[in-house]
Every structure is written in structure tokens, then in C-alpha cells.
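Understanding the architecture of this molecule
Here is how the chains run, residue by residue.
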Amino acid sequence: MLARRMGRPGLVGLAARTAVVAGTAGAVNNHMQRRNEARYEQEAQAQAYEQQQQQAAMQAAAAQAAAAQQYAAPQAAPAAPAGGDVVGQLERLAALQQQGILTPEEFAAEKAKILNG
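Residues numbered from 1 in each chain as written. Predicted model: local features only at pLDDT ≥ 70, side-chain atom pairs only at ≥ 80, totals over all residues. Heavy atoms only, no water.

**Re the overall build of the protein chain**
Spelled out, the test is: In this description a helix means any DSSP run of H or I spanning at least four residues, a strand means any run of E spanning at least two, and both kinds are numbered starting from the N terminus. The Shrake-Rupley method, run with a 1.4 Å probe sphere, supplies the accessible areas, and residue values consider only the shown protein chains as cover.
Each helix and strand counted, the protein chain has three helices and zero strands in total. Going from N to C terminus, the protein chain has its helices and strands arranged as α-α-α. With an accessible surface of roughly 10300 Å², the protein chain has 59% of that area assigned to carbon and sulfur atoms.

**Some words on helix H3 (residues 104-116)**
Here is the rule: Expected span of a helix, by definition, is 1.5 Å for each gap between consecutive residues, and there is one gap fewer than residues.
Helix length check: H3, at 13 residues, gives a terminal C-alpha distance of 18 Å against a target of 18 Å (1.5 Å per residue), a fit within 8%. Positive phi appears at Gly-117, one or two residues downstream of H3, with a value of about 90 degrees.

**Digging into the environment of Leu-115**
Filter applied, for reference: Whether two residues touch is decided by their heavy atoms; if any such pair falls within 4.5 Å, the residues are in contact.
Residue position: Leu-115 is located in helix H3. The spatial distance from the C-alpha of Leu-115 to the C-alpha of Val-87 is 9.6 Å, given a sequence separation of 28 residues. Not counting the four nearest positions on each side in its chain, Leu-115 is found in contact with Val-86 and Leu-90.

**As for the pattern of salt bridges**
The criterion, for reference: Just to be clear on terms, a salt bridge is a Lys or Arg side-chain nitrogen sitting within 4 Å of an Asp or Glu carboxyl oxygen.
Applying the stated criterion across every chain, the model contains one salt bridge. Lys-113 is the salt-bridge partner of Glu-110, the closest N and O atoms lying 3.4 Å from each other. Highlighted residues: Glu-110 and Lys-113, both in helix H3, separated by three residues, approximately one helical turn.

**Considerations on the confidence of the model for the protein chain**
The cut-off we apply is this: The pLDDT score gives, residue by residue, the confidence of the prediction method on a 0 to 100 scale.
Averaged over the protein chain, the pLDDT score is 82; the fraction of residues at 70 or greater is 84%. No element of the protein chain has a lower mean pLDDT than helix H2 (residues 82-98), at 83, and none a higher one than H3, at 89.

**Focus: the environment of Ile-114**
For clarity, the cut-off: The cut-offs for exposure are 20% and 50% of the maximum accessible area for each residue type, with area from a 1.4 Å probe on protein chains only; residues under the lower value are buried, those over the upper are exposed, and the others partly exposed.
Structurally, Ile-114 can be placed in helix H3. Relative accessible area serves as the criterion here: at 16%, Ile-114 is assigned to the buried category. What Ile-114 contacts, discounting residues up to four positions off in sequence, is Val-86, Gln-89, Leu-90 and Leu-93.

Next comes the structure, spelled out in C-alpha cells:
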């Protein structure tokens, strides 16, 4: 019978223990890397989703603002002051008369219409 040595392991035992420790460490390291990569990928997807939602919200707000402005613009346009409008119309009539487009009678009739409202 072979006598078994007590104490420190032999060369084969030491190599086997080293292989087991190294293999376990490698497996743990690979698992940690995959888990971290999955976490980073999930965070990147969440950020991309948030950015898409923000862009969609901004586009919707811009569309609403444009629609509101489009519909409000005709209603919100203040009426021109009557005095400025009358003066402008009279100046145009005078220019038409000077160009010979309107006769003095037509000018007088249009002027009376403008002044009488």
C-alpha cells in the first residue's frame, strides 16, 4: 500500500485547486460583465425612451401653439383706428384722382362715403 502523505498537497493537488479557483473566478467575472452590460443596455434604452417622449411632447406643444396662434390671429387682430383708416383711404382716393383714374365727382362721392361712415 501506498502511504498517504499528510500536510501540504502535492503538485497535482495544488494544480487542481488553482484550476478550480481560476475557473470559478473567471465564471464569476463573466457573469458580472454580462450583468453590467445588460444593466447599461437597459439604462440606455430607458434614456432613449425618455428622449423620444420629451421630443414628442415638445412637438405636440409646438403644434398646439401653432394651431392656437393660427386660430387666435384672425380674432386677436385689433381693429385699425378709425381715424388712421379714414386718412389712409382719403389719401388713396386723392392719389387715384391725381392719376386720373377717378373724376372729381367720383372722388367727392367716395370721400362722402368714407367721412359719413
